[in-house]
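The chain contents come next:
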Amino acid sequence: MQSDSNFSKSLSRRDFLSASSAAAVSAPLLFSGISESHAQEGGTLRVGLVGCGGRGTGAAAQALNADKNVKLVAMADAFEDRLKGSLKTLHKQDIREKIEVAQENQFVGFDAYKEVIKRVDVVLLATPPHFRPIHIKAAIDAGRHVFAEKPVAVDAPGVRAVLAACEEAKRKKLSVVSGLCLRHSPSYREMIRRIHKGEIGEVQSMQANDFRGPIWVKPRQPGWSDMEYHMHNWYYFTWLSGDFNVEQHVHMLDLCSWAMKNEYPVSAVGTGGRQVRTGPEYGNIYDHHSVIYEYANGAKLFATCRQQAGCASDISATIVGSKGTAYFSSRGSYMETEKREKFEGENNEIYQIEHDELFGGIRKNEILNNGDYMSKSTLMAILGRMATYTGQKITWEQALNSHEDLSPSTYDWNAKPPVSEIAIPGMTKLV
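Please read these numbers as outputs of a predicted model, since none were measured by experiment. (Residues numbered from 1 in each chain as written. Predicted model: local features only at pLDDT ≥ 70, side-chain atom pairs only at ≥ 80, totals over all residues. Heavy atoms only, no water.)

With that settled, the discussion passes to unusual backbone geometry. In this model, lysine 150 is joined to proline 151 through a cis peptide bond whose omega is -25 degrees. For proline 151, the position within the fold is in the loop between β5 (145-148) and α7 (156-172). Positive phi, normally seen in glycine, also occurs at asparagine 262, with a value near 60 degrees. One can find asparagine 262 in the loop between α12 (250-259) and β8 (267-273). By relative accessible area, asparagine 262 is classed as partly exposed at 34%. (Helix = DSSP H or I, 4+ residues; strand = E, 2+ residues; numbered from the N terminus. Buried < 20%, exposed > 50% of the residue type's maximum accessible area, 1.4 Å probe, protein only.)

Next comes the structure, spelled out in structure tokens:
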């Protein structure tokens, strides 16, 4: 593992955010960004990738396929081997002629994102979710268009920071496009349009399932510090992933919020725990959550998710209205009123469509800003985690105004990560 020689000083989250702003202010000294006329005339859009895992690599490929005149010019990751692996993977695809990432534009470490932001017009953010608020703020401060993978935070302070940054993006006429990709499915868009039109009547109840098997585990290697171990296994630590109901189930929660015309619940209560993933290699997240969200009009969403081997899989959402039902699933979707009407399964190009629309909007000077729903759907997932971790009924306002900050005291490879205690319902307190 290559240490971050440019990050010898330990920084707190507050310092980190301040450093982001300082870097953003100085960014135009190196690259002043792209003008509207340059973009509309088809000038080259410089793209940077921050977070070179599988999702980041995929996002980079989709960004390069979204426009004829784009170049990937800078990349950053906490780990050098992951950056090199991503670059190698991208070079194997038919977009290789759009890749111009010189050695001096490959950056490693906690603060590597700042160097990428200096050099680009559009930045793709795909690190572990904990870092999203820091990176979004830095990119918008620097005047860059943003693609931000979901979720956009792991705690309420992070959500509030992203909401503020996205308001600034509106003022600066910068696009912020979310990785909540279900909103880019043509068939889902048509179904939601018809739900909003009233074809299934008033929404009365919803069910969102995310039942799947386990995912990767990376065994600890000799010489890794605690921080390195956490960063390699970020999925299993709440401070980095938000827990898996935030990191993955947020897709289905966002779909239900979309069906509710972007109205969000007033409260949540639930249960969860660790039945299968009980070993220390699974950090401190749960392996199942079950949450009941209640809306102001009395409608309820029953949201359940599970990651356990050998169990039935189901990733779907059911919207029940006073006149009918809508069912969303990648295996096939339908709306049922007087008759059942089938829709095509989830469009496999949804990941491409979100980038097509981002870059198309930049070219046309049509600004897209998904900041409100990507932040609030993230908070909705965090609200569910608060309910399952504490065992209490938590209101939306309590969640939004929570002071729980999951950040480490410093961002340094030898720093101690946040405490990884496993939440115990009835004992763990809301902060």
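Anyway, onward from the coordinates.
In a regular helix each residue adds 1.5 Å, so 12 residues correspond to 16 Å; helix α4 (residues 80-91) covers 17 Å between its end C-alpha atoms and thus fits that length. Among the residues of α4, Arg82, Leu83, Ser86, Leu87 and Leu90 are the ones counted as buried. Taken end-on, α4 shows its buried residues confined to a sector of 135 degrees, consistent with a single buried face. Summarising the geometry of α4, the exposed residues directed more than 90 degrees from the buried face are Asp81 and Lys88. The inward-facing, buried residues of α4 abut β1 (45-50), α3 (54-65), β2 (70-77) and β3 (106-108). (Expected span 1.5 Å × (residues − 1). Arc of directions from axis to C-beta. Contact = heavy atoms within 4.5 Å.)

At a minimum axis separation of 8 Å, α3 and helix α13 (residues 350-364) run at an interaxial angle of 50 degrees. Classified by the interaxial angle, the pair formed by α3 and α13 is oblique. Here the hand of the crossing between α3 and α13 comes out right-handed. Contact residues: α3 offers Arg55, Ala59, Gln62, Ala63 and Asn65, while α13 offers Tyr351, Gln352, Glu354, His355, Asp356 and Phe359. Class assignment for the residues of the contact of α3 with α13 results in 4 nonpolar, 4 polar and 3 charged. (Axes fitted to C-alpha atoms, helices over the stretch in contact; angles between N-to-C directions. Parallel < 35°, antiparallel > 145°, perpendicular 65-115°, else oblique. Left-handed = near helix turned anticlockwise from the far one by under 90°. Nonpolar A, V, L, I, M, F, W, Y, C, P; charged D, E, K, R; others polar.)

Turning our eyes to something else, we now look at the packing of aromatic side chains. Scanning the entire structure with this criterion turns up 17 aromatic pairs. Measuring from centroid to centroid gives 5.3 Å for phenylalanine 79 and tryptophan 413, while their planes differ by 35 degrees, and the two rings are tilted. Residue phenylalanine 79 is located in the loop between β2 and α4, and its partner tryptophan 413 is located in the segment after α15 (396-400); the two are separated by 334 residues in the primary sequence. Judged on exposure class, the residue phenylalanine 79 and its partner tryptophan 413 are both buried. Pairing tyrosine 286 with tyrosine 389 gives two aromatic rings, centres 4.8 Å apart and planes at 55 degrees, and the pair type is tilted. Remark: tyrosine 389 occurs in helix α14 (residues 371-390) and tyrosine 286 occurs in the loop between β8 and β9 (288-294); sequence separation between them is 103 residues. (Phe/Tyr/Trp six-rings, centres within 6.5 Å; stacked < 30°, edge-to-face > 60°.)

This part takes up the pattern of salt bridges. Within the structure shown, the criterion is met by 21 salt bridges. With a shortest N-O distance of 2.9 Å, aspartate 254 and arginine 183 are connected by a salt bridge. Separated by 71 residues along the polypeptide, aspartate 254 in helix α12 and arginine 183 in the loop between β6 (176-178) and α8 (186-197) bring together distant segments of the chain. In terms of burial, aspartate 254 and arginine 183 fall into one category: buried. Between arginine 189 and glutamate 357 there is a salt bridge, and its shortest N-O distance comes to 2.8 Å. Remark: glutamate 357 occurs in helix α13 and arginine 189 occurs in helix α8; sequence separation between them is 168 residues. Assessed through its relative accessible area of 31%, arginine 189 is described here as partly exposed. Glutamate 357 gets classed as partly exposed once you look at its relative accessible area, which sits at 28%. One salt-bridge network, held together by shared partners, links Glu115, Lys118 and Arg119. (Salt bridge = Lys/Arg side-chain N within 4 Å of Asp/Glu carboxyl O.)

With that out of the way, let us pick up the side chain of glutamine 307. In this structure, glutamine 307 sits in strand β10 (residues 300-307). Only 2.7 Å separates the side chain of glutamine 307 from the side chain of tyrosine 235, close enough to count as a polar contact. A distance of 2.6 Å separates polar atoms of two side chains, one belonging to glutamine 307 and the other to arginine 277. Beyond its immediate stretch of four places on either side in the chain, glutamine 307 contacts Arg212, Gly213, Tyr235, Phe244, Gln248, Arg277 and Asp287. (Polar contact = N/O pair within 3.5 Å; in protein donor to acceptor, adjacent residues only side chain to side chain.)

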